[in-house]
Amino acid sequence: MSCDKDAETRHTLDCFRDRLKRLIQVEPLLDLLHFLEPDRKDRIKAKFREEGNISAATLLIDEIIHSKNCEQGWSRELVTALETVGCKHAAKYVLNSPPEPTEEAENDSCVRLIDLLQLTLVNMKTADVCAHCRVMGLLTQEDQENILKLIENQGNIGGARLLLKRLVKNEAGWFSKFLQALEDTEHHELVRELRGEPCNEDEAMSVETVEEGEQSCSSATVETNISLLSEDLDSSVDSSGLGACADNEEVDMYKEGEEEDLTEDDNPSGTRDIVLRDYQMEVARPALEEKNIIICLPTGSGKTRVAVYITKEHLEKRTQMGQPGKVVVLVNKVPLVEQHYKAEFGRFLKHQYSVERVSGASQLKISFPQIIEQNDIIICTAQILENSLAKAKNGDEDGIKLSQFTLMVIDECHHTKKGGVYNHIMIRYLKQKHQNQLLKKQDKSPVPLPQILGLTASPGVGGAMSQQRAEEHILQICANLDAFTIKTKTFEEEEAKTPFKRIARAEERKEDPFGDVIKKIMDEIHEHADLKPLCEPGIQNYEQWVVQKEQNAAKEENQKVRVCAEHLRQYNEALHQSNTIRMSDAFRFLDKYHNEELKTKSIADEEGTVTITDTERFLFTLFKDNKAKLQELMGKPQYENNSLAQLKTNILKEFSTRERARGIIFTRTRLSAIALCQWIQENPKFDEVGVSASYLIGGGDQSVVKPMTAAEQKDVLNKFRDGQINLLIATTVAEEGLDIAECNFVIRYCLVTNEIAMIQARGRGRAEDSSYTLVAEAGSGVAERESVNEYREKMMSKAIAKVCKMNRADYEKKIREFQMQAIMEEKVKIKKKQQKGMMKEPPSKISLSCRQCSVFVCSGEDIEKIENMHHVNVTTQFSKLITVRENASLQERLLDYETNGVIACKNCGQQWGSMMLYKSIECPCLHIKNFVVTYGSKKKTFSKWSELPIKFPAFDYTQHADLLVEDSGEEEDMETD
């Protein structure tokens, strides 16, 4: 019997040879295989030393299969040995018990992903991750010892490579444990990368719903009916999107003046014909039959034109049937409201129907419900609709209901996912649809619901690792939008203008004396504050580490560590900048930061100057001592990063080889967009080939770089359209939705996000013979992440095709399951929110102290809320603790409205918030991130007010106005006396 088993095992080894050679860990295994003769083992060990593990594993399998001298029972010994050394996955294959094909395919995807992202993953804190993996059973004791030994001898990266090689040899299920190990060791960015979630990059794609009380005020005059829209996030990375943020917009906006002309080719005397191509008509057909659908077509293929045609047909059909029709077009960014009105819906339909647009940038003299009532087509930001739907549910007369619309068009509908404003609207829809089914059973009339039309260029795969998960993601999007189907098209060559793609790799820097000086400064700061970083400066892991140190120091009132950590963040950012833009740009960034910090420490008032600590004096002196050296090095072009040289080569090539070049360069941050634009404008080589460059960045006031106003953005786009500008340097704001003139080249500069962003950016190159280039430094991991995106794009295409071919009954069953799950999750969420609201404690439970100097600021009892958003302290005692200084960013923008500036700690100069003028009353508005909150006996830091389970009272305007009147009256009496 044993002989039969051994023969069967030989056959199994031969069948699974290709799989096993990648799963067997040869070196530790050989010590446990006593049935192999010593000379055979020596041959295998030699193979291992000369050619590596896979070659050695192949030889081991051959030796076992062809050996005639193996004693009986050797197959059991082999399986036991494999399990002992941690090769349990290989053991299952040897036992002829391989995983299911779907499980095997998913595991292969995980292995491939690790391989593609290896250059990024090797920067992990290997020793910490190794320890967690050992506890989780992913590594043996011997594995851990070997990895730690390699770290000691070859450094962190060598150890990381061995750890990754060892991990992928585990049986299926290892990947989720590895993600948990990374999460536990605070590698949050790596986890997001592996899950395929968007990183915290400039102009993040999704527009999230802002909770009540989240937004901080700008220091502009705030009138009675206008909501304050600015969110102050202290970040150099812009996530606002182009123009103002579309979140939490109130609708009582007012319009003055006449309407602008639509387009030059507009026909004021009559309607314009809408002619669709065959593929456009094909994808539109189910919608013309009044079915809910998602249209998935590449950027530039006319999705919006199809939506205009469907809208026209819908309204005409309703008119013929004698039924009212009303269409709402939802967008997720403010500028898209105007764009859809001028370029599409208004242009083609305003002569036949009344078309209106509403956003936070609108100025309408009537309320939103009146706009709905008086117009046939309304284009608005999704948050405006959600706000009005919420008002209707709360019984507010100023609210509206979904039943008032007959068609709802959702642009960029891939954002219809958990937490997004689109999803909040669609959850209302799904709950009513479910309620309608119950009403029908009771022979009652259902509440009418609008037809849904979703538009997207790429629904993505939602971080899926397997084809099955990708299909589930597509089905989830379809369920969220209650779609009958998703319509797409594989274009013929003349229809699909897919750009030629290439990756331009820049050589790694051989010398970086500028970076070395910055690292030397950082080392001195580490020593001064007794800090021991877990990784090298200049990478994301270091950023996470130093942010955590700053937060912990603030809570512990350790001002020495806190201020050192804050300065280390700036130096780390400068290191990143010197690797992507010029050394001079990185120097200017540091110089500006130190000048502004010094300025806050030297503002005199009637009581003297703010306090400067010994640590701050050390930090300022340290930069001053190294300033000359940095300035000297930044003037030596031989030390610039090679990525800039590669970018220069590509730009010159595009403009030298094309008759009329027009392109976009995408970069990560606002600062890099502006710096690259300056670099191009200052370089005569670019001028010689006819480059005329400008930058395009977001409009939200939430970074160290001043934002662009809506007018500035519009001016740049118009100049790009008419050819005055032929090269845009843009943050990712320009990737999605915006109508940007046809380009013949697109360059992504050291920037990779997810597969959706990649498809959107590539779609900007729509002209004939267009190119798409990724410029990346060798070894940076950027090119590898782009490969991951390409892999996910293929998964997405296959998933959409599979969903389209699903059996109707199976499709509808899946959709119902996802919808019921969404409804139940919403019910649980509401219940939890209600319980949380009931558990909110009184303001007396907390007190605030300055994040920088720890001075007591106020009790929670002194704080009131304006318009359920802005947390203000108007007490006399608080006014004695603050200084008010000019808001530099607003001043630079030359805004023509009144600004009352930034409020700061009188003791240390730390910014606390901004001064807002609310109905003629000056109200200091507090930003919670600038304080340490004492909650009971614990000290905590928060980034949003909504994180605090405290119920603050509403601002009593009448009471404060009366007090002001009394005070002014007393002053007048004194003057009279």
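The rules behind the values
- Residues numbered from 1 in each chain as written.
- Predicted model: local features only at pLDDT ≥ 70, side-chain atom pairs only at ≥ 80, totals over all residues.
- Heavy atoms only, no water.
- pLDDT = per-residue confidence, 0-100.
- Helix = DSSP H or I, 4+ residues; strand = E, 2+ residues; numbered from the N terminus.
- Contact = heavy atoms within 4.5 Å.
- Core = buried A, V, L, I, M, F, W, Y, C linked by side-chain atoms within 4.5 Å.
- Buried < 20%, exposed > 50% of the residue type's maximum accessible area, 1.4 Å probe, protein only.
- Phe/Tyr/Trp six-rings, centres within 6.5 Å; stacked < 30°, edge-to-face > 60°.
- Lys NZ or Arg CZ within 6 Å of the ring centre and 35° of its normal.
- Expected span 1.5 Å × (residues − 1).
- Pairing = 2+ DSSP bridges.
- Axes fitted to C-alpha atoms, helices over the stretch in contact; angles between N-to-C directions.
- Parallel < 35°, antiparallel > 145°, perpendicular 65-115°, else oblique.
- Nonpolar A, V, L, I, M, F, W, Y, C, P; charged D, E, K, R; others polar.
- Patch = residues over 30% accessible without salt bridge, like charges linked within 9 Å, V, L, I, M, F, W, Y side chains within 5 Å.
- Areas by Shrake-Rupley, 256 points an atom, 1.4 Å probe, with all protein chains shown as cover.
- Salt bridge = Lys/Arg side-chain N within 4 Å of Asp/Glu carboxyl O.
- Lys, Arg positive; Asp, Glu negative; His and termini not counted.
- Charge placed at Lys NZ, Arg CZ, Asp CG, Glu CD.
- Left-handed = near helix turned anticlockwise from the far one by under 90°.
- Polar contact = N/O pair within 3.5 Å; in protein donor to acceptor, adjacent residues only side chain to side chain.
- Disulfide = S-S within 2.5 Å.

Enquirer: Could you clarify how one ought to interpret the confidence of the model for the protein in this entry?
Expert: Scored by pLDDT, the protein has a mean of 79; 80% of the residues are at 70 or more. When mean pLDDT is compared element by element in the protein, strand S6 (residues 407–410) scores highest at 96, while strand S1 (residues 221–222) scores lowest at 36. The low-confidence segment residues 200–269 (pLDDT under 50) makes 237 contacts with residues lying over four places distant or belonging to another chain. In the model, residues 491–496 has pLDDT below 50 throughout and makes 7 contacts with residues more than four positions away in sequence or in other chains.

Enquirer: Looking at this structure, how should I read the nonpolar core?
Expert: Buried together is how nonpolar side chains tend to be arranged in soluble globular proteins. Counting residues in hydrophobic clusters, the biggest one holds 72 residues, and the most contacted among them are Ile518, Leu647, Ile651, Ile665, Ile680, Leu727 and Ile729. If we skip the residues at most four places from it in the chain, Leu727 touches Ile651, Phe655, Gly663, Ile664, Ile665, Ile680, Val691, Ser692, Ala693, Ser694, Phe720 and Phe745. Counting 47 residues, the second largest nonpolar core, distinct from the first, contains Val358, Ile425, Leu481 and Met796.

Enquirer: Hey, could you run me through the packing of aromatic side chains in this one?
Expert: Aromatic ring pairs are described here by two measures, namely the spacing of the ring centres and the angle between the planes. Enumeration over the complete set of coordinates arrives at 11 aromatic pairs. For the pair Trp945 and Phe952, a centre-to-centre distance of 5.6 Å together with 90° between the ring planes defines the contact as edge-to-face. Assessed through its relative accessible area of 7%, Trp945 is described here as buried. What links up through ring pairs into an aromatic cluster is the set Phe878, Trp912 and Phe931. Its guanidinium or amino end placed over the ring of Phe484, Lys291 lies 5.0 Å from that ring's centre, counting from NZ or CZ. Just above the ring of Phe484 sits the side chain of Arg808; from NZ or CZ to the centre is 3.9 Å.

Enquirer: Would you take a moment to explain helix H22 (residues 513–529) for this structure?
Expert: A turn of α-helix holds 3.6 residues, and therefore any two residues three or four places apart point the same way. Look at H22: 24 Å from first C-alpha to last across 17 residues, which is about the 24 Å you get at 1.5 Å a residue. All of the buried residues along H22 are Phe514, Gly515, Val517, Ile518, Ile521, Met522, Ile525, His526 and Ala529. At the exit of H22 stands Asp530, carrying a positive phi of roughly 55°.

Enquirer: What should I look at first to understand the pairing of strand S14 (residues 771–777) in this one?
Expert: It is a general feature of regular strands that their side chains alternate between the two faces of the sheet. Counting buried residues in S14 gives 7 out of 7 residues, a clear majority hidden from the surface. On S14, burial covers both faces: Ser771, Thr773, Val775 and Glu777 on one face and Tyr772, Leu774 and Ala776 on the other are all buried. Pairing geometry for strand S13 (residues 745–749) and S14, over 5 bridges, is parallel. Counterpart to Phe745 in the pairing with S14 is Ser771.

Enquirer: Where do I start with the environment of Lys940 in this structure?
Expert: Counting through the fold element by element, Lys940 comes out in strand S24 (residues 938–940). With sequence-adjacent residues up to four places away left out, Lys940 is seen in contact with Lys555, Val932 and Val933.

Enquirer: Please explain the packing of helix H10 (residues 126–135) against helix H11 (residues 141–154) as it appears in this structure.
Expert: Think of two packed helices as two axes; the pair is described by the angle between the axes and how far apart they sit. One way to put it is that H10 packs onto H11 with a least axis distance of 10 Å and a crossing angle of 180°. Taken together, the axes of H10 and H11 lie roughly antiparallel to each other. Seen from H10, the contacting residues are Thr126, Ala127, Cys130, Ala131 and Arg134; seen from H11, they are Gln141, Gln144, Ile147, Leu148 and Ile151. Class assignment for the residues of the contact of H10 with H11 results in 6 nonpolar, 3 polar and 1 charged.

Enquirer: Explain a positive patch on the surface to me, please; I cannot follow it from the model alone.
Expert: Taken together, the side chains of Lys829, Lys833, Lys840 and Lys951 present a region of like positive charge at the surface. Within the element layout of this structure, Lys833 appears in helix H33 (residues 808–839). Look at Lys833 and you get exposed, because its relative accessible area is 65%.

Enquirer: Would you take a moment to explain helix H23 (residues 540–555) for this structure?
Expert: Across its 16 residues, H23 extends 23 Å between first and last C-alpha, which sits within 8% of the 22 Å expected from 1.5 Å per residue. Within H23, burial applies to Asn541, Tyr542, Glu543, Gln544, Trp545, Val546, Glu550, Ala553 and Ala554. Packed against the buried residues of H23 are helix H14 (188–195), H22, helix H24 (559–578) and strand S23 (931–935). Remark: Glu557 follows H23 within two positions and exhibits a positive phi of approximately 60°.

Enquirer: Which parts of the structure should I look at to understand the pattern of salt bridges?
Expert: In a structure, side chains of opposite charge can pair up when their charged atoms sit close to one another. Inspection of the entire model under this criterion finds 36 salt bridges. In this structure, the salt-bridge partner of Glu632 is Lys636, at a minimum N-O distance of 3.5 Å. Residue Lys845 is joined to Glu841 by a salt bridge in which the shortest nitrogen-to-oxygen separation is 3.8 Å. Given the relative accessible area of 42%, Lys845 is considered partly exposed.

Enquirer: Is there a simple way to explain the packing of helix H4 (residues 38–51) against helix H5 (residues 53–66) in this structure?
Expert: As a packed pair, H4 and H5 sit with axes 7 Å apart at the nearest point and diverge in direction by 160°. Taken together, H4 and H5 sit at an angle that is classed as roughly antiparallel. Crossing geometry of H4 relative to H5 is assigned as right-handed. Contacts between H4 and H5 pair Arg40, Arg43, Ile44, Lys47, Phe48 and Glu51 from the former with Asn53, Ser55, Ala56, Leu59, Leu60 and Glu63 from the latter. Tallied by class, residues from the contact of H4 with H5 come to 5 nonpolar, 2 polar and 5 charged.

Enquirer: Can you help me understand the pairing of strand S2 (residues 293–296) in this one?
Expert: Of the two faces of S2, the one carrying Ile293 and Ile295 and the one carrying Ile294 and Cys296 are both buried. Across 4 bridges, S2 lies against strand S7 (residues 451–456) in parallel orientation. What sits directly across from Ile295, in S7, is Leu455. Taken together, the 4 bridges between S2 and strand S8 (residues 485–488) define a ladder with parallel strand orientation. Following the sheet pairing, Cys296 is matched in S8 by Thr488.

Enquirer: What exactly am I supposed to notice about the sheet that holds S8 here?
Expert: Paired through their backbone hydrogen bonds, the strands of a sheet run either parallel or antiparallel. Read from one edge to the other, the open sheet built from 7 strands follows the order S4-S5-S3-S6-S7-S2-S8, with strand pairing classed as parallel. Looking at strand neighbours, the two that pair on one side only are strand S4 (355–358) and S8, the edges of this open sheet. When strand polarity is set aside, the average angle formed by the axes of neighbouring strands in this sheet is 15°. Contacts from helix H17 (residues 334–349) reach strand S3 (327–331), S4 and strand S5 (377–381) within the one sheet, and its direction differs from that of S5 by about 165°.

Enquirer: Would you mind showing me how to read the sheet that holds strand S16 (residues 856–859) here?
Expert: What the 4 strands build is an open sheet, ordered S16-S15-S23-S24; its pairing is antiparallel. Either end of the sheet is taken by a strand with one partner, and the two such strands are S16 and S24. Between one strand axis and the next, the sheet turns through 25° on average, direction left out of account. With 3 bridges connecting them, S23 and S24 associate as antiparallel partners. When the sheet's bridge partners are listed, Thr934 is paired in S24 with Lys939.

Enquirer: Help me understand a negative patch on the surface, please; the structure alone is not making it clear to me.
Expert: Judged by side-chain charge, Glu27, Asp31, Glu142 and Glu145 come together as a negatively charged surface patch. Residue placement: Glu27 occurs in helix H3 (residues 26–30).

Enquirer: Any chance you could explain the side chain of Lys125 here in plain terms?
Expert: In this fold, Lys125 is placed in the loop between helix H9 (118–121) and H10. We note that Lys125 is buried and unpaired, the nearest opposite charge coming from Glu186 at a distance of 4.5 Å. A distance of 3.0 Å separates the side chain of Lys125 from the backbone oxygen of Thr185, its partner in a polar contact. Excluding anything up to four places from it in sequence, Lys125 contacts Asn156, Thr185, Glu186, His187 and Leu534.

Enquirer: Just checking my understanding: could you explain the state of the cysteines for this structure?
Expert: A covalent bond between the sulfur atoms of two cysteines is referred to as a disulfide. Throughout the structure, instances matching the rule amount to 0 disulfides. With no disulfide of its own, Cys853 has Cys908 as its nearest cysteine by sulfur position, at a separation of 3.6 Å.

Enquirer: What is the right way to read unusual backbone geometry from this model?
Expert: The bulk of non-glycine residues show a negative phi, and the bulk of peptide bonds are trans. Its identity as a non-glycine residue notwithstanding, Asp530 has a phi of 55°, on the positive side. The topology assignment puts Asp530 in the loop between H22 and H23. The phi dihedral of Glu557 falls on the positive side, at around 60°, and the residue is not glycine. One can find Glu557 in the loop between H23 and H24. With relative accessibility at 36%, the residue Glu557 sits in the partly exposed group.

Enquirer: It is not clear to me how the environment of Asn423 should be interpreted in this structure. Could you clarify?
Expert: By secondary structure assignment, the location of Asn423 is in helix H20 (residues 421–441). Judged by relative accessible area, Asn423 falls into the buried class, the value being 10%. Along the sequence, Asn423 and Ala822 sit 399 residues apart, while their C-alpha atoms lie 9.8 Å from each other. Leaving out residues up to four positions away in the same chain, Asn423 has contacts with Thr416, Lys417, Lys418 and Asn480.

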